[in-house]
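Survey of secondary and tertiary structure
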Amino acid sequence: MHIHILGICGTFMGGLAALAREAGHRVTGCDANVYPPMSDQLRALGIDLIEGFGPDQLTLKPDVFVIGNVVSRGNALMEAILDAGLPYTSGPQWLAQEVLQGRHVLAVAGTHGKTTTTSMLAWILEHAGLQPGFLVGGVPMNFGVSARLGAGKSFVIEADEYDTAFFDKRSKFVHYRPRTAVLNNLEYDHADIFPSLEAIETQFHHLVRTVPASGRLVVNAREDALQRVLAKGCWSEVQRFGTRKEEPGCLRARGEPHAFDVLRGGLKIARVEWSLLGEHNQLNALAALAAAEHVGVAPELAAEALGRFENVRRRLELRGEAGGVKVYDDFAHHPTALRTTVNGLRRRVGLDRILAVFEPRSNTMKLGTMKAQLPWALEEADLSFCHSGGLGWNAAEALAPMGEQAIVCDDIDALVKAVVKTARPGDHILCMSNGSFGGIHDKLLQALEKKKA
């Protein structure tokens, strides 16, 4: 089969392309913005990429067009497909029919930590010899790729609540029909498609409805929103995790995030010692361990696997050092994720200065829905630098409570100059964006080298 993917460089669609290629299909694709790491991964697989959405791509004559959710009505290629009456489907629907059918699907949902927890879970199953398939919205460093079919029965997938396509406004995850579903956390996000947190809770309950009675829901016990989701109706076994004190049957952690015991009730069932920091990763580990247990992986073996977990690209990833200044890259974009990421680096570097450099790039942040939370999100950084280009709201006004600790620039080059002017040996520059951020990491390193010289 020849499939042509519209919006192929998104993390989900790029992973789908890799799976289709591995399955023996001919895969081509197009996108408006092609950037690493996904573009590098796709080209390495021999997948032809086309820049833009020109209607001349109809001449490729694929068996089916697979449509990413970045494509909307008015897109030139999509309009041509509709006018010609050619076959098309969504990415999640194609995946459900061609890859997930007949497999034990383990789906990881939540506002934060999906990519990391999915990667942890896939690695645990791999370490246990289960040879899982997986599709992750990033590149787990233990595997070096974001997706593979796998030879085993299990398939681990990052389950996003964002809508499926312009013609299917259900959340992506309702297509996956998991037997094991992780509900990691739930906050308001995606303000461009959801009017309220309650609307997202409804979508999460749609996911709960698809889990069979023999399945398992792994649920963060700290999240009130998730308890409301379960209160709407639950037909599966529930394994809760994350309680701060002993509760029968619940999983919790005792100890520091980098070295802790895993307890079920009052009984110790495993110990995790690893390189990751932050309470959020401790909770992610509990979720992954509980999900892996549902497919037969003992907690002790899962903990051993986590000790060898290497994290995901763009998760506090050190991109380089110049002039005694370290530059990191992270995918954080929601205020809670910004705060968690800064806190994770703070735990690592102690009293060293952190210069947080971020762009409000997600649709939710561009709308300004959560701009008031930014000072809270960045309070552990010593200085914060915001790229305000393309925003419909006043970033300087939103960051005013931070006083001189916040600097706003509407141009990437100006932002680089401001950061480099302030940076001094021993500093840590933390760049946070869910896009390429205009190649700011390399620009910073080059400018820091010049400053040193």
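In what follows, the accompanying structure is described. Computed from a predicted model, the values in this text were never measured in an experiment.

Bringing the overall build of the protein into the picture now. A tally of regular secondary structure across the protein gives 15 helices and 23 strands. Against the compact-globule benchmark of 22 Å for 453 residues, the protein has a radius of gyration of 22 Å, which places it among compact chains. Seen along its three principal axes, the alpha-carbon backbone of the protein occupies a region of about 65 × 60 × 40 Å. Between the centroid of the 48 positive side chains of the protein and the centroid of its 51 negative side chains there is a distance of 2 Å.

Each pair of packed helices gets described by two things: the angle between the helix axes and the distance between those axes. Their axes nearest at 10 Å, the elements helix 1 (residues 11–22) and helix 4 (residues 91–100) cross at an angle of 30°. Classified by the angle their axes make, helix 1 and helix 4 are roughly parallel. Every pair of crossing elements has a handedness; the one defined by helix 1 and helix 4 is left-handed. Across the interface between the two elements, Phe12, Met13, Leu16, Leu19 and Ala20 from helix 1 touch Gly91, Pro92, Trp94 and Leu95 from helix 4. Classifying every residue of the contact of helix 1 with helix 4 gives 8 nonpolar, 1 polar and no charged.

So, on to the state of the cysteines. Applying the stated criterion across every chain yields a total of 0 disulfides. As a non-bridged cysteine, Cys9 has Cys30 as the owner of its nearest cysteine sulfur, 9.3 Å distant. Assessed through its relative accessible area of 8%, Cys9 is described here as buried. The thiol sulfur of Cys250 is not disulfide-bonded, and the nearest other cysteine sulfur, from Cys234, lies at 14 Å. For Cys250, a relative accessible area of 7% translates into the label buried.

The subject of this paragraph is the environment of His428. Along the chain, the position of His428 falls in strand 23 (residues 428–432). A sequence separation of 101 residues divides His428 from Val327, and the C-alpha atoms of the two residues are 6.1 Å apart. The contacts of His428, once residues within four sequence positions are left out, are Lys326, Tyr328, Leu345, Val349, Asp352, Arg353, Ile354 and Leu355.

Okay, the pattern of salt bridges next. Applying the stated rule across the entire model yields 23 salt bridges. Asp261 is paired through a salt bridge with Lys268; the nearest N and O atoms lie 3.4 Å apart. Overall, the relative accessible area of 44% leaves Lys268 in the partly exposed class. The partner of Arg346 in a salt bridge is Asp382, with the nearest N and O atoms 2.9 Å apart. With a gap of 36 residues between them, Arg346 in helix 10 (residues 335–349) and Asp382 in the loop between helix 12 (374–377) and strand 21 (383–387) connect regions that are remote in the sequence. Salt bridges linked by common partners bring Arg254, Asp261, Lys268, Arg271 and Glu273 together as one network.

What follows covers the pairing of strand 2 (residues 26–31). Burial analysis of strand 2 places 5 of its 6 residues in the buried class, the great majority of the element. Sheet analysis places strand 1 (residues 2–6) next to strand 2, joined by 5 bridges and oriented parallel. Pairing of His4 across the sheet is with Thr28, part of strand 2. Once the chain exits strand 1 it traverses helix 1 before rejoining the sheet at strand 2, and the crossover so formed is right-handed. As paired elements, strand 2 and strand 3 (residues 48–51) share 4 bridges and run parallel to each other. Paired with Thr28 across the two strands is Asp48, which belongs to strand 3.

With 12 residues, helix 1 ought to run about 16 Å at 1.5 Å a step, and its terminal C-alpha atoms sit 17 Å apart, in line with that. Most of helix 1 is tucked away, with 9 of its 12 residues classed as buried. Within helix 1 the residues assigned to the buried category are Phe12, Met13, Gly14, Gly15, Leu16, Ala17, Ala18, Leu19 and Ala20. One or two steps after helix 1, the chain reaches Gly24, where phi turns positive at roughly 100°.

Counting 47 residues, the largest nonpolar core has Ile3, Ile5, Leu95, Tyr176 and Phe204 as the members making the most contacts within it. Counting residues per element, this core draws most heavily on helix 1, which supplies 7 residues. Beyond its immediate stretch of four places on either side in the chain, Leu95 contacts Phe12, Leu16, Leu19, Leu100, Leu135, Ile157 and Tyr176. Counting 40 residues, the second largest nonpolar core, distinct from the first, contains Val262, Leu276, Phe309 and Val312.

Let us look at helix 9 (residues 299–306). Those residues of helix 9 that fall on the buried side of the exposure criterion are Pro299, Ala302, Ala303, Ala305 and Leu306. Buried residues of helix 9 fall within an arc of 155° about the axis and therefore sit on the same side. Of the surrounding elements, those touching the buried residues of helix 9 are helix 5 (114–127), strand 17 (267–273) and helix 8 (279–293).

What counts, and at which threshold
- Residues numbered from 1 in each chain as written.
- Predicted model: local features only at pLDDT ≥ 70, side-chain atom pairs only at ≥ 80, totals over all residues.
- Heavy atoms only, no water.
- Helix = DSSP H or I, 4+ residues; strand = E, 2+ residues; numbered from the N terminus.
- Rg over C-alpha atoms; globule rule 2.2 N^0.38 Å.
- Lys, Arg positive; Asp, Glu negative; His and termini not counted.
- Charge placed at Lys NZ, Arg CZ, Asp CG, Glu CD.
- Axes fitted to C-alpha atoms, helices over the stretch in contact; angles between N-to-C directions.
- Parallel < 35°, antiparallel > 145°, perpendicular 65-115°, else oblique.
- Left-handed = near helix turned anticlockwise from the far one by under 90°.
- Contact = heavy atoms within 4.5 Å.
- Nonpolar A, V, L, I, M, F, W, Y, C, P; charged D, E, K, R; others polar.
- Disulfide = S-S within 2.5 Å.
- Buried < 20%, exposed > 50% of the residue type's maximum accessible area, 1.4 Å probe, protein only.
- Salt bridge = Lys/Arg side-chain N within 4 Å of Asp/Glu carboxyl O.
- Pairing = 2+ DSSP bridges.
- Right-handed = clockwise from strand over helix to strand, strands pointing away.
- Expected span 1.5 Å × (residues − 1).
- Core = buried A, V, L, I, M, F, W, Y, C linked by side-chain atoms within 4.5 Å.
- Arc of directions from axis to C-beta.

Limitation: the analysis is restricted to geometry and does not speak to function.
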